[in-house]
Amino acid sequence: YDMKTSSLKIGGVPFVEVADALIHPQEGKINILSGGKMEQLNDAKIIANTKSKYHVINKASVTIEGKRRYTASGFYEYNIGDREQEIKFSNIIGEPTGKGKKSERPLLTQADGEVSRTANFYIDHKTKFSGKISLKSDRENLHFDGFAQFDSPYLSKDDWFKINSIADKNNLILSYHEPMSYDGT
């Protein structure tokens, strides 16, 4: 405990359970500031949710606001075979969701990110993607809302089409209502 700053430095902390996530501080260290507020964690790892552990977010900056709420930003690994990729989630929130009394609402981590057309991002071995990507910790798969392109020598490199799907990278099935290209046609 530091009497001058009224802060408490704690080591050997494997994780902090907040909302439905396990937040692993870098080197197991946290700092409690005056008034009981926790200092922002940098280069932390978030595992969500605590039961399924479907999602891992690395290199995270995390602000823990209480036992049931945190905000963060970080990088989600989305590797396809030997193709290593990351999605930057700038808006990660773990909090109570749904209807009813706030103290009784289920806890859920949600995150949003975006990849550009020039990022050369793949949602499976042969399908490129550009657009918004969202995560809900109670779902194993991510939601993709944007444009996809099949990587094939037989198709034009300009043929992108609109998708809005929850997609499994190991068994990709894309759904769309009306074909639409980047230019809206």
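For the structure itself, consult the block above.
Below: a short report on this structure. The structure presented is a predicted model; accordingly, all values stated were derived computationally and were not measured. (Residues numbered from 1 in each chain as written. Predicted model: local features only at pLDDT ≥ 70, side-chain atom pairs only at ≥ 80, totals over all residues. Heavy atoms only, no water.)

Section: the overall build of the protein chain
Link 1 in the chain: If you tally the helices and strands in the protein chain, you get zero helices and 13 strands.
Link 2 in the chain: Listed by position from the N terminus, the elements making up the protein chain come as β-β-β-β-β-β-β-β-β-β-β-β-β.
Link 3 in the chain: Over its C-alpha atoms, taken along the principal directions, the protein chain stretches across nearly 70 × 40 × 30 Å.
Link 4 in the chain: Residue burial in the protein chain is summarised as follows: out of 185 residues, 38% are buried.
Link 5 in the chain: Accessible surface, the protein chain: about 11,100 Å² in total, of which carbon and sulfur atoms supply 48%. (Helix = DSSP H or I, 4+ residues; strand = E, 2+ residues; numbered from the N terminus. Buried < 20%, exposed > 50% of the residue type's maximum accessible area, 1.4 Å probe, protein only. Areas by Shrake-Rupley, 256 points an atom, 1.4 Å probe, with all protein chains shown as cover.)

Quick look at the pairing of strand β13 (residues 161-167)
Link 1 in the chain: Burial along β13 is one-sided: the face carrying F161, I163, S165 and A167 is buried and the face carrying K162, N164 and I166 is not.
Link 2 in the chain: Here strand β12 (residues 142-150) pairs with β13 via seven bridges, running antiparallel. Each bridged residue has a counterpart across the sheet, and for F144 the counterpart in β13 is S165. (Pairing = 2+ DSSP bridges.)

Examining a nonpolar patch on the surface
Link 1 in the chain: Among the surface-exposed residues, Y1, M3, L8 and I10 lie close enough to one another that they form a single nonpolar patch of about 450 Å² accessible area.
Link 2 in the chain: On the secondary structure map, L8 appears in strand β1 (residues 8-10).
Link 3 in the chain: By relative accessible area, which is 34% here, L8 ends up partly exposed. (Patch = residues over 30% accessible without salt bridge, like charges linked within 9 Å, V, L, I, M, F, W, Y side chains within 5 Å. Salt bridge = Lys/Arg side-chain N within 4 Å of Asp/Glu carboxyl O.)

Structural notes on the packing of aromatic side chains
Link 1 in the chain: Enumeration according to the criterion identifies five aromatic pairs in this entry.
Link 2 in the chain: Note on Y76 and F89: the rings are 5.7 Å apart at their centroids and 65° apart in plane angle, and the pair reads as edge-to-face. Linking Y76 in strand β7 (residues 69-77) with F89 in strand β8 (residues 86-96), this pair joins segments that are 13 residues apart in sequence.
Link 3 in the chain: Its relative accessible area of 0% is what places F89 among the buried residues.
Link 4 in the chain: Relative to F144, the ring of F129 has its centre 5.1 Å away and its plane inclined at 80°; by these criteria the two rings are edge-to-face. Taken as a pair, F129 in strand β11 (residues 127-136) and F144 in strand β12 lie far apart in primary sequence, 15 residues in all.
Link 5 in the chain: Classification of F129 by relative accessible area gives buried; the value is 1%.
Link 6 in the chain: Every member of this aromatic cluster is reached through a ring pair, and the members are Y78, F121, F129 and F144.
Link 7 in the chain: The positively charged end of K162 is found above the aromatic ring belonging to F147, 5.6 Å away from the centroid.
Link 8 in the chain: Looking at K169, its charged tip hangs above the ring of Y78, at a distance of 4.7 Å from the centre. (Phe/Tyr/Trp six-rings, centres within 6.5 Å; stacked < 30°, edge-to-face > 60°. Lys NZ or Arg CZ within 6 Å of the ring centre and 35° of its normal.)

Observations concerning the side chain of S134
Link 1 in the chain: Locating S134 in the fold gives a position in strand β11.
Link 2 in the chain: Taking the relative accessible area as the measure of exposure, S134 reaches 17% and is therefore buried.
Link 3 in the chain: Setting aside its immediate chain neighbours within four residues, S134 contacts A111, D112, R139, L142 and H143. (Contact = heavy atoms within 4.5 Å.)

Thoughts on the pattern of salt bridges
Link 1 in the chain: Summed over all chains, the structure comprises five salt bridges.
Link 2 in the chain: Across the pair K59 and E86 runs a salt bridge, and its minimum N-O distance is 2.9 Å. Placement of K59 in strand β6 (residues 55-66) and of E86 in strand β8 is noted, with a sequence separation of 27 residues between them.
Link 3 in the chain: Salt bridges here are not isolated pairs; linked through shared partners, they connect E65, R69 and E95.

A few points about the pairing of strand β3 (residues 21-24)
Link 1 in the chain: As defined by bridge partners, strand β2 (residues 16-18) adjoins β3 across three bridges and the pair is classed as antiparallel. Counted as the bridge partner of V16 is I23 from β3.
Link 2 in the chain: Here β2 hands over to β3 after two residues, with A19 in that stretch at a positive phi of 55°.

Keep in mind these numbers describe shape, not what the thing actually does.
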